[in-house]
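Secondary and tertiary structure notes
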Amino acid sequence: MLDAAGWEALRLSLLVGFTATVCALPLAIWVAWLLARRDFFGKGILNALVHLPLVLPPVVTGYLLLLGFGRAGPIGQFLENTFGLVLAFRWTGAALAAAIMGFPLMVRAIRLALEAVDPKLEAAAHTLGAPGHAVFRTITLPLIMPGILAGGVMGFAKAIGEFGATITFVANIPGETQTLPSAIYALLQVPGGEDRAITLVLWACVLALGAVVISEWLARRVAARIAGQS
């Protein structure tokens, strides 16, 4: 059974994961659409930047976030002075780090879904006079919904399991930035903390497994609905 600190770490992990996924998913859809449907100068650079968090050590990503979004960083100073928003050593910073680490997974899943859609379907709608936003909303979006769900779940799972970038950017502050991975790490550093750490590990496994099961169920429901409408 979880103690108060464990429940707080679980709550914070869910909050960080949900916030990171909701904020990153619209941008991931747009970037995936650009990479799948448009040819433009710098496309290779954009693709490399999107996938950079996958190949960089998470600690490096966290340090770069600290340089840019910390209270002494240019973006961090702007956000604090303009909107009163502080990211470094706050749960909002943990959500930002989680969103960046999960963003490549979202983009890849959605891009693969977009590339599986026959462009002729979209072209036919255009020839009938439908504007671009209507084509995307009524044709493309329903067809790629399983990919969006898969990307969202992968991003959420990555967010609740993110450790390296998060602990570098926002540290490990109980009740403020201590998510499940950070709490497990802290417990393993003290004598006798293994039993409590195992409990948190089990909860982390339950969350990850539950996310995958829900994703599969939703994807099947969406696919069945699309098949029924076709």
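To start, this report covers the structure provided alongside it. Computed from a predicted structure; not experimentally measured. (Residues numbered from 1 in each chain as written. Predicted model: local features only at pLDDT ≥ 70, side-chain atom pairs only at ≥ 80, totals over all residues. Heavy atoms only, no water.)

**What to know about the side chain of T166**
As for its position among the elements, T166 is in helix α8 (residues 164–170). Once residues lying within four places of it in the same chain are set aside, the contact partners of T166 are A94, A97 and A171. (Helix = DSSP H or I, 4+ residues; strand = E, 2+ residues; numbered from the N terminus. Contact = heavy atoms within 4.5 Å.)

**Remarks on the packing of aromatic side chains**
In the structure shown here, the tally under the stated rule is three aromatic pairs. Relative to F83, the ring of F78 lies with its centre 6.0 Å away and its plane at 85°, an arrangement referred to as edge-to-face. Overall, F78 belongs to the partly exposed group, its relative accessible area being 46%. On the accessibility criterion, F83 (59% relative accessible area) is exposed. Measuring from centroid to centroid gives 5.2 Å for F163 and Y185, while their planes differ by 50°, and the two rings are tilted. Linking F163 in the loop between α7 (132–161) and α8 with Y185 in helix α9 (residues 180–188), this pair joins segments that are 22 residues apart in sequence. The exposure class assigned to Y185 is partly exposed, which follows from its relative accessible area of 39%. (Phe/Tyr/Trp six-rings, centres within 6.5 Å; stacked < 30°, edge-to-face > 60°. Buried < 20%, exposed > 50% of the residue type's maximum accessible area, 1.4 Å probe, protein only.)

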